[in-house]
Structures are given as structure tokens and as C-alpha cells.
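A closer look at the structure
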Amino acid sequence: MPAAGSETWRVVQDRLGERPSLPAGQGRIEAIDLARGVAISLMIVSHAVSGLLGTGQVPEWGMVPIHLLTKFSSSLFITVFGIALAVAFLPRTDAPDWPRRRLKLMLRGVEVLFWYKVLTVVEMLPLYGPQDILDTLLYQRSAIWVEILGFYAIALLWLPWVLPLWCRMPLWSRLVAPLAVALLAGWLERHFAFWGIEPLKAILVEDDDHYTWGQLSRLPLVMLGLLIGERVLRCRERDALRRRLVPGLAGVGAAMLLGFVAVSLPGLDEALMAVARNTGKHPPALDFMLFSLGGALLVLALCLAGGARAAAWLRPITVVGSDALAAFTFHIVVIFAIFRLLLEAWQVYSYPQVLGIGLALVPATAAWIALTRWIGARS
């Protein structure tokens, strides 16, 4: 028995010291597009309700459960961002053409940054004057509905430089890193003043007065996505690992939701309503993240379990997830430029009506993406 135990411990040590050795990617994974599409579709519904009606006007039955479920979207979107980076780029960080791929990622970041600024103007035009819009463009204040696009843009400018480092890290350090960064970001947000530069603090670790997605405070979700992405690559090689990955994600997600229930008792109803009203979203609080990430992992597990078949059945959502930038651009323009600015539709419609607008925007967004692709293929 001691010999067997010693052998087991050596296997564990070797496994924890293992660096990623990943098979090359095999093109797009439709289940990942589906998961991203679910995240963006939930955002579209949430943005339609908050952008055309305001959460203060939503009835309780709309807040819980309908608006509550949209809180899965941000954690799911950022985690899938990490998965996509792992699947498409991690196996190639030591390839001779990595500098070209790194540049491609950074140029994508510049493109997203440009559209983030354009959509900031679109979002703010019906609501604010020129000086407020200019201040926001110069990072003196923040927008609301398009800020996650700003996180995505900035992350694409610096993450390509650290992906090779991630590939050189042993497994134990990759497992510890998300928790370590989360604790560091939380400590910095509470105790470090960032030399009095409030916008810098908001961009890095978030601030109570800014609706931003901090690079460090949300980095653990990207790291989690990288870990899942490594496993997805291996699962495509061996079905046995796929059978372990999906139950593992579902189990962790369910455990996090149970953890949310545990920390919320005995006031669970009030806690659910608080999450639905975004309490604890910026900066991220424990109860909000338990609910948001737990639900996100369950959705991700379902998408991976469904695979290509589920992606085909839910084709409009998959199409939305296949081009996040186009989806963001389309729905923000429709909600804020058309409804709020041109039609002056702020608080004109009832909650069921704005909910219907949000739900209709999902297939409309998919149709727009499909149409632009069709035109591009024939031009």
C-alpha cells in the first residue's frame, strides 16, 4: 500500500507540474459559438429592457426570474472569450508565425476599440450633451451598455503578449492563478488609490462610480476560459475527456449556485432581487459572481453537451455568437439610435412590449449578420 500511495503521489506531482501540450485547433467549434450567442442574446434582451424602459419600471415578475437570468451573460461572454483564445491561439504560441498571429489579435483589438468608441457615441446621444460624450470618449467617465466591448478591446491589446507565458506555466500555477488574481484585484480595489487616477482604477479593478469591467477583476474569468479551452481541445481528441468535461462544468456551476443560496439565506428572495438589479455587479461581489458564473458554467455545459447538433437547432443564436462585434453594433444602433433617438421611445412601451422587442432583436441580429455575409460573399 505505501508503494502504491507513493506512486499515486508521483503521478499527481507530475500532473500538476505539466505544461500545456495541446493539439492544433480544428477550425471553429460551433458549440462555442452557441455559448457566445446565448451570452449575447441575453445581453440584447437585457439592454432592450434597461435601454427602453429602465429597470426601475420592470415588474417583480419581470425582474425575477426573467431579468435575473440575463445576469449569466457577462460571465459567460468573458469566459467564452478565454475559451476562444485557448482554442484558436494557445497551440500556436511557439510556432514561427506567432508574431503574425499576435499582431492579428492586437489589430482586432484596435478594431473593437474603434467600434466601442463609435457605439459609446450612439448610446449616449439620446441621453447626454457633447461635453459628457467627449469626457466618456477620453475615459473621464464611463458609458453603461457598451462597456463590456471596451473590456474586450483593451484585453485584446495586451493578452496576446502573455499567452506564451501561460503556455510555459505548470498546471498547478494555472489552476491557482484565477483565484490569486481575483484576490489581488479585490485588495487593490479596496485599498489602493492608483495615485488618485480614478479612471485608471476603473479600467483595472473597477470603481463604485464607474460602470466598467476591470481588466484585473475580470481576468480570472478569462483564465478560467483558457483552462476550459485547453480541455476542449483535448476533448476533441478523446471522447472520454468530453464525458468528464461537461459533467465537471455542470457540477461546478451547480455548486456555485448552491453557494449563492447558502450565503443568501434566510433572505433568498431579497438576494435574488438584488442580483436582478445588478447589486454587486461592479465591482464584482461574492454573491453576484456565485450566481452569474454558476449559471454561466451550466449554460456552457449544456452547449458543449449539445455540440454541433444543438448549434444547428438553435441556428439564429449560433449565428449571433459567430460575430460578436456585428451583433453588438446592430442591437446598440437599433435600441439607441433608432428607438431612443429617432423614435423617442424612452418609457413609451410597456414591459411586455420592450421584452418582445428584445426577443425579436435576437433573430433580427442573426438575419443582419447573415445578410452582410451574403453580400460580402457576392461582392
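The model shown is predicted, which means the values in this text are computed figures rather than measured ones.

1. So, the overall build of the chain
When its secondary structure is counted, the chain shows 16 helices and 0 strands. Taken against the 2.2 N^0.38 rule, which gives 21 Å for 379 residues, the C-alpha radius of gyration of the chain at 21 Å falls within 12% of a compact globule. Dimensions of the chain along its principal axes, counting C-alpha atoms only, are 75 × 60 × 45 Å. Burial status across the chain gives 51% buried among its 379 residues. Partitioning the contacts of the chain with sequence separation of at least 6, the portion at a separation of at least 24 is 80%.

2. Topic: a nonpolar patch on the surface
Residues Leu125, Val333, Ile338, Leu341, Leu342 and Leu343 make up a contiguous nonpolar surface patch of about 520 Å² in total accessible area. By the element assignment, Leu343 lies in the loop between helix 15 (324-342) and helix 16 (351-377).

3. Considerations on the packing of helix 5 (residues 98-124) against helix 6 (residues 130-137)
For the pair helix 5 and helix 6, interaxial distance at closest approach is 10 Å and the crossing angle is 150°. Judged by the angle between their axes, helix 5 and helix 6 are roughly antiparallel. Read as a crossing pair, helix 5 and helix 6 show a hand that is right-handed. Residues Lys117, Thr120, Val121 and Met124 of helix 5 form the contact with helix 6, whose participating residues are Asp132, Ile133, Thr136 and Leu137. Its residues placed into classes, the contact of helix 5 with helix 6 shows 4 nonpolar, 2 polar and 2 charged.

4. Quick notes on the UniProt feature "domain: Heparan-alpha-glucosaminide N-acetyltransferase catalytic" (unreviewed entry) in the chain
Residues given the UniProt feature "domain: Heparan-alpha-glucosaminide N-acetyltransferase catalytic" (unreviewed entry) here are residues 28-190. With 79% helix and 0% strand, residues 28-190 has its two end C-alpha atoms placed 40 Å apart.

5. As for the pattern of salt bridges
Across all of its chains, the model carries 10 salt bridges by this definition. The partner of Arg108 in a salt bridge is Glu111, and the shortest N-O contact between them spans 3.1 Å. Residue Arg108 and its partner Glu111 are both found in helix 5; the two are separated by 3 residues, about one turn of the helix. On the basis of relative accessible area, Arg108 is assigned to the partly exposed category, the value being 28%. Given the relative accessible area of 35%, Glu111 is considered partly exposed. Here Arg218 ties to Glu206 by a salt bridge, and the two come within 2.7 Å at their closest N and O atoms. A residue pair is termed long-range when its members are at least 10 positions apart, and Arg218 in helix 10 (residues 215-235) and Glu206 in the loop between helix 9 (198-205) and helix 10 qualify at 12 residues.

6. A short note on the packing of helix 4 (residues 72-89) against helix 10
Running from N to C, helix 4 and helix 10 point in directions that differ by 45°, and their axes come no closer than 6 Å. When the interaxial angle is binned, helix 4 and helix 10 end up oblique. Here helix 4 and helix 10 pass one another in a crossing that is right-handed. For the pair formed by helix 4 and helix 10, the contact residues are Ser75, Ile78, Thr79, Phe81, Gly82, Ile83, Leu85, Ala86 and Val87 on the first element and Arg218, Leu221, Val222, Gly225, Leu226, Ile228, Gly229, Glu230, Val232 and Leu233 on the second. Of the residues belonging to the contact of helix 4 with helix 10, the class tally is 12 nonpolar, 5 polar and 2 charged.

7. Some details on the side chain of Arg340
Considering the arrangement of structural elements, one finds Arg340 in helix 15. Engagement of the side chain of Arg340 in a polar contact is seen with the backbone oxygen of Gly51, the distance being 2.9 Å. Setting aside residues up to four positions removed in sequence, Arg340 forms contacts with Gly51, Leu52, Pro126, Leu127, Trp145, Ile335, Ala345 and Trp346.

8. What about helix 10?
Here helix 10 spans 29 Å end to end across 21 residues, near enough to the 30 Å set by a 1.5 Å rise per residue. The element helix 10 is largely enclosed, with a buried count of 18 among its 21 residues.

9. A word on the packing of aromatic side chains
The relation between two aromatic rings is expressed through the spacing of the ring centres and the mutual angle of the planes. Here the structure, examined in full by the defined rule, presents 14 aromatic pairs. A ring pair is formed by Phe89 and Trp98, whose centres lie 6.4 Å apart and whose planes are at 70°; its orientation type is edge-to-face. Classification of Trp98 by relative accessible area gives buried; the value is 4%. Across from the ring centre of Trp161, 4.1 Å away, lies the NZ or CZ of Arg102, which sits over that ring. Lying over the aromatic face of Tyr139, Lys117 brings its terminal NZ or CZ to 3.6 Å of the ring centre.

10. With respect to helix 12 (residues 268-276)
Looking only at helix 12, the buried set comprises Ala271, Leu272, Met273, Val275 and Ala276. Directly after helix 12, the chain includes Asn278, whose backbone phi takes a positive value near 75°.

11. Some words on unusual backbone geometry
Put simply, Val64 and Pro65 share a cis peptide bond, and its omega is 20°. By the secondary structure assignment, Pro65 is in helix 3 (residues 60-69). Cis geometry is adopted by the peptide bond preceding Pro283, which originates at His282 and carries an omega value of -15°. Residue placement: Pro283 occurs in the loop between helix 12 and helix 13 (286-313). Even without a glycine there, the phi angle at Tyr139 is positive, about 65°. Positionally, Tyr139 belongs in the loop between helix 6 and helix 7 (147-168). Its relative accessible area of 25% is what places Tyr139 among the partly exposed residues. Even without being glycine, Phe194 reaches a positive phi, approximately 55°. Its place among the elements puts Phe194 in the loop between helix 8 (171-191) and helix 9. Among the residues examined, Phe194 registers a relative accessible area of 5% and is labelled buried.

How each quantity is defined
Residues numbered from 1 in each chain as written. Predicted model: local features only at pLDDT ≥ 70, side-chain atom pairs only at ≥ 80, totals over all residues. Heavy atoms only, no water. Helix = DSSP H or I, 4+ residues; strand = E, 2+ residues; numbered from the N terminus. Rg over C-alpha atoms; globule rule 2.2 N^0.38 Å. Buried < 20%, exposed > 50% of the residue type's maximum accessible area, 1.4 Å probe, protein only. Contact = heavy atoms within 4.5 Å. Patch = residues over 30% accessible without salt bridge, like charges linked within 9 Å, V, L, I, M, F, W, Y side chains within 5 Å. Areas by Shrake-Rupley, 256 points an atom, 1.4 Å probe, with all protein chains shown as cover. Salt bridge = Lys/Arg side-chain N within 4 Å of Asp/Glu carboxyl O. Axes fitted to C-alpha atoms, helices over the stretch in contact; angles between N-to-C directions. Parallel < 35°, antiparallel > 145°, perpendicular 65-115°, else oblique. Left-handed = near helix turned anticlockwise from the far one by under 90°. Nonpolar A, V, L, I, M, F, W, Y, C, P; charged D, E, K, R; others polar. UniProt positions renumbered as here; feature names shortened; annotations may be inferred. Polar contact = N/O pair within 3.5 Å; in protein donor to acceptor, adjacent residues only side chain to side chain. Expected span 1.5 Å × (residues − 1). Phe/Tyr/Trp six-rings, centres within 6.5 Å; stacked < 30°, edge-to-face > 60°. Lys NZ or Arg CZ within 6 Å of the ring centre and 35° of its normal.

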